[in-house]
Amino acid sequence: MTNSYEYIEASINGNLGQITLNRPKVLNAINRPMVSEILSAMEGFEENEQVRVIVLSGNGRAFAAGADIDEMANDNAIDFELRNQFKDWDRLAMIKKPIIGAVQGFALGGGFELALCCDLLIAADDAEFGFPEVNLGVMPGAGGTQRLTKLVGKTKAMEWLFTGKRISAQEAIQFGIINRMTAKEVLLEETLKFAEGIANQAPLSIRLIKESVLKAVDAPLDEGMHFERKNFYLLFSTEDQKEGMKAFQEKRRPNFRGK
Ligand code: CO8
């Protein structure tokens, strides 16, 4: 299945829903319609039982070099407020299926923020992350100061946000920003392989693990523990729990159906 959008490509291949940012001439600069299209494709995948994992990548030499500066240059504060500028971004954060980002080249500003909305990141060895907003007299607005700080801590977040310095793929591995680094030529292939592995796991386990890990980022430990426990109990009402444990006892591979 392939959907036609103006600024992205979206398709379903087997159990994977694929979204490719597609404005390569401007390094996939993220304009507002592109965010709406990403959200629309993701919400479509969310409702489609066939899709178990979402893969997000960029066409051309960048993942995304930030929000579209030309679109933003003449905006003012009231435009943002009245438009509720980040409402689509907020909904992206509510997608329950796992999202894996494949990053090559630049992931800057809004592009880095989009990458930070992914659950797992695989990057090419030429990937460069960063928040150059400070050089434009602004700052991140789609979660950059929050998600980066929660991920790497105050010290490095402050340094990278104050300086706008770019973070290499090697550094990104070191600070736990990305899961894996690959040669550029095999980035998508490796990401799809990784995604397929996750797509073969029990979908409801993956769904509730995602929800529980995200809870851990914000909630106090006792609240998170309580939340985890309820999700653990919930999985014992699934057919996949019966199947998974029966398959173990019968020494065969489980066939998970997401029910
Ligand atoms: N917006 C608009 N156009 C862009 C952007 C961008 N963010 N990035 C690159 N382009 C365009 C260039 O203008 C150029 O277009 P043209 O060929 O018509 O001149 C084309 O893409 C290719 O770029 P370059 O020629 O500059 O390529 P280089 O390899 O020389 O440089 C860089 C690549 C270093 C990435 C450079 O393009 C650059 O510095 N880009 C801007 C990076 C940046 O500042 N990003 C942050 C933007 S602000 C932001 O993201 C705020 C987030 C707030 C919330 C998000 C809401 C969506």
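Residues numbered from 1 in each chain as written. Predicted model: local features only at pLDDT ≥ 70, side-chain atom pairs only at ≥ 80, totals over all residues. Heavy atoms only, no water.

The chain appears in an unreviewed UniProt entry as Enoyl-CoA hydratase-related protein from Cytobacillus mangrovibacter.

Draft legend 1. Up close: the pairing of strand β7 (residues 120-124). When you tally the buried positions in β7, you get 4 out of 5 residues, the bulk of the element. Of the strand pairs in this sheet, strand β5 (residues 99-103) and β7 are connected by 4 bridges, and their pairing is parallel. Counted as the bridge partner of A102 is I122 from β7. (Buried < 20%, exposed > 50% of the residue type's maximum accessible area, 1.4 Å probe, protein only. Helix = DSSP H or I, 4+ residues; strand = E, 2+ residues; numbered from the N terminus. Pairing = 2+ DSSP bridges.)

Draft legend 2. Spatial organisation of unusual backbone geometry. For N84, which is not a glycine, the phi torsion comes out positive at approximately 55°. Tracing the chain through its elements places N84 in the loop between α3 (77-83) and α4 (87-92). Located in the positive-phi region is K251, a residue other than glycine, with phi close to 55°. Along the chain, K251 falls in the segment after α12 (239-249).

Draft legend 3. Structural context of the packing of helix α6 (residues 144-152) against helix α7 (residues 154-163). α7 packs onto α6 with a crossing angle of 140° between their chain directions and a minimal axis gap of 7 Å. It follows from the interaxial angle that α6 and α7 lie oblique. Taken together, the residues of α7 that come into contact with α6 (itself represented by T145, L148, T149 and V152) are K154, K156, A157, W160 and L161. Tallied by class, the residues present in the contact of α6 with α7 amount to 5 nonpolar, 2 polar and 2 charged. (Axes fitted to C-alpha atoms, helices over the stretch in contact; angles between N-to-C directions. Parallel < 35°, antiparallel > 145°, perpendicular 65-115°, else oblique. Contact = heavy atoms within 4.5 Å. Nonpolar A, V, L, I, M, F, W, Y, C, P; charged D, E, K, R; others polar.)

Draft legend 4. How the structure looks around the pattern of salt bridges. Taken as a whole and assessed by the stated rule, the structure comprises 19 salt bridges. One salt bridge connects D68 with R23, and the closest N-O pair in it is separated by 2.9 Å. Remark: R23 occurs in the loop between β3 (16-21) and α1 (32-47) and D68 occurs in the loop between β4 (53-58) and α2 (69-72); sequence separation between them is 45 residues. Here D68 falls in the buried class, since its relative accessible area comes to 9%. Residue E190 is joined to K193 by a salt bridge in which the shortest nitrogen-to-oxygen separation is 3.4 Å. Of the two residues, E190 and K193 both sit in helix α9 (residues 187-199), 3 residues apart, roughly one turn of that helix. Residue classification places E190 among the partly exposed residues on the basis of a relative accessible area of 28%. (Salt bridge = Lys/Arg side-chain N within 4 Å of Asp/Glu carboxyl O.)

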